[in-house]
Amino acid sequence: MVATCLHLTGFVASFVGWISLIVATSTNDWVVTCGYTITTCRKMDELGSKGLWADCVMATGLYHCKPLVDILILPGYVQACRALMIAASVLGLPAVFLLVTVLPCIRMGNEPGVAKYRRSQLGGILLILLALCGVVATIWFPVSAHRETMIMSFGYSLYTGWIGSALCLFGGCIIVCCSGDAETFGQNRFYYGSGSSSPTHAKSAHV
């Protein structure tokens, strides 16, 4: 029962983390750039935000973005972070699918617990891999961007990526390390007596 609860906790945490990584990948508010103070940059319309897909300018009543479409002139760190975040988003699909098929409420015939245990372990490993991709991208990007321009603060996209990576790493580690024994994975056995005058019968049930 404890292993089942831990598995569900890991699944929920990793699913929320995966969604957070997708949000971070698709938005452009990774870092806020400014050569002066934020107030001065707003007055001079030089307060900007930088992301994987566009460079934006933020001013009073204005938010204009310039898409980064020319791959040949993009800095190497932008292309690498794009690839890492896309890989993290794509790896989440098979990971979530594998973990859904081993949930206690899902039954696929008379499948043994060993098969479900192996799928659970594979899903957990995929979650750890995508979390590492997210961690590398969300650390590499602001460090490299700071070398090009002055960073005033981190954007909500970067925080979302950090939170998502942490949740996926947490959930993946729980699923890999705390899923219980392979032979009894996903099973919860209980016993009852039919009466004092009759032999005791055992009944097993899958939760």
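Fair warning: this is a prediction, and the values are worked out from it, not measured in the lab.

### What about the state of the cysteines?
Moving on, step 1. In the structure shown here, the tally under the stated rule is 1 disulfide.
Moving on, step 2. The partner cysteine of Cys 56 in its disulfide is Cys 65, sulfur to sulfur 2.0 Å. Taking the sign of the S-S torsion, about 100° here, the bridge from Cys 56 to Cys 65 comes out right-handed.
Moving on, step 3. Given the relative accessible area of 4%, Cys 56 is considered buried.
Moving on, step 4. Its sulfur unpaired, Cys 173 is 5.7 Å from the next cysteine sulfur, which belongs to Cys 177.
Moving on, step 5. Overall, Cys 173 belongs to the partly exposed group, its relative accessible area being 32%.

### Digging into the side chain of Asp 29
Moving on, step 1. For Asp 29, the location among the structural elements is in the loop between α1 (2-26) and β1 (31-33).
Moving on, step 2. Among all residues touching Asp 29, those that are not within four sequence positions of it are Ser 49, Lys 50, Gly 155, Tyr 156, Ser 157 and Leu 158.

### Details of the packing of α1 against helix α5 (residues 156-177)
Moving on, step 1. Where α1 contacts α5, the axes come no closer than 7 Å and their chain directions differ by 155°. Viewed along their axes, α1 and α5 adopt a mutual orientation that is roughly antiparallel. Crossing of α1 over α5 shows left-handed handedness.

### Quick notes on the pattern of salt bridges
Moving on, step 1. Throughout the structure, instances matching the rule amount to 1 salt bridge.
Moving on, step 2. For Lys 50, the salt bridge goes to Asp 55, with nearest N and O atoms at 3.4 Å.
Moving on, step 3. With a relative accessible area of 11%, Lys 50 lands in the buried category.

### Some thoughts on the UniProt feature "transmembrane region" (unreviewed entry) in the protein chain
Moving on, step 1. Within this structure's numbering, the places UniProt gives as "transmembrane region" (unreviewed entry) are residues 83-103, 124-142 and 162-182.
Moving on, step 2. Secondary structure across residues 124-142 divides into 100% helix and 0% strand, with the first and last C-alpha atoms of the span separated by 28 Å.

### Regarding the environment of Thr 9
Moving on, step 1. Assignment of secondary structure puts Thr 9 in helix α1.
Moving on, step 2. The spatial distance from the C-alpha of Thr 9 to the C-alpha of Ile 174 is 8.1 Å, given a sequence separation of 165 residues.

### Quick look at a nonpolar patch on the surface
Moving on, step 1. A surface patch of nonpolar side chains, about 440 Å² in accessible area, is lined by Val 12, Phe 15, Val 16, Ile 19, Ile 22 and Val 23.
Moving on, step 2. Secondary-structure assignment places Val 12 in helix α1.

### Notes on the packing of α1 against helix α3 (residues 76-101)
Moving on, step 1. For the pair α1 and α3, interaxial distance at closest approach is 10 Å and the crossing angle is 150°. The orientation of α1 with respect to α3, classified from their angle, is roughly antiparallel. Between α1 and α3 the crossing geometry is left-handed. For the pair formed by α1 and α3, the contact residues are His 7, Phe 11, Ser 14, Phe 15, Trp 18, Leu 21, Ile 22, Ala 24 and Thr 25 on the first element and Met 85, Ala 88, Ser 89, Gly 92, Leu 93, Val 96, Leu 99 and Val 100 on the second.
Moving on, step 2. Counted by class, the contact of α1 with α3 contains 12 nonpolar, 5 polar and no charged residues.

The rules behind each value
Residues numbered from 1 in each chain as written. Predicted model: local features only at pLDDT ≥ 70, side-chain atom pairs only at ≥ 80, totals over all residues. Heavy atoms only, no water. Disulfide = S-S within 2.5 Å. Buried < 20%, exposed > 50% of the residue type's maximum accessible area, 1.4 Å probe, protein only. Helix = DSSP H or I, 4+ residues; strand = E, 2+ residues; numbered from the N terminus. Contact = heavy atoms within 4.5 Å. Axes fitted to C-alpha atoms, helices over the stretch in contact; angles between N-to-C directions. Parallel < 35°, antiparallel > 145°, perpendicular 65-115°, else oblique. Left-handed = near helix turned anticlockwise from the far one by under 90°. Salt bridge = Lys/Arg side-chain N within 4 Å of Asp/Glu carboxyl O. UniProt positions renumbered as here; feature names shortened; annotations may be inferred. Patch = residues over 30% accessible without salt bridge, like charges linked within 9 Å, V, L, I, M, F, W, Y side chains within 5 Å. Areas by Shrake-Rupley, 256 points an atom, 1.4 Å probe, with all protein chains shown as cover. Nonpolar A, V, L, I, M, F, W, Y, C, P; charged D, E, K, R; others polar.

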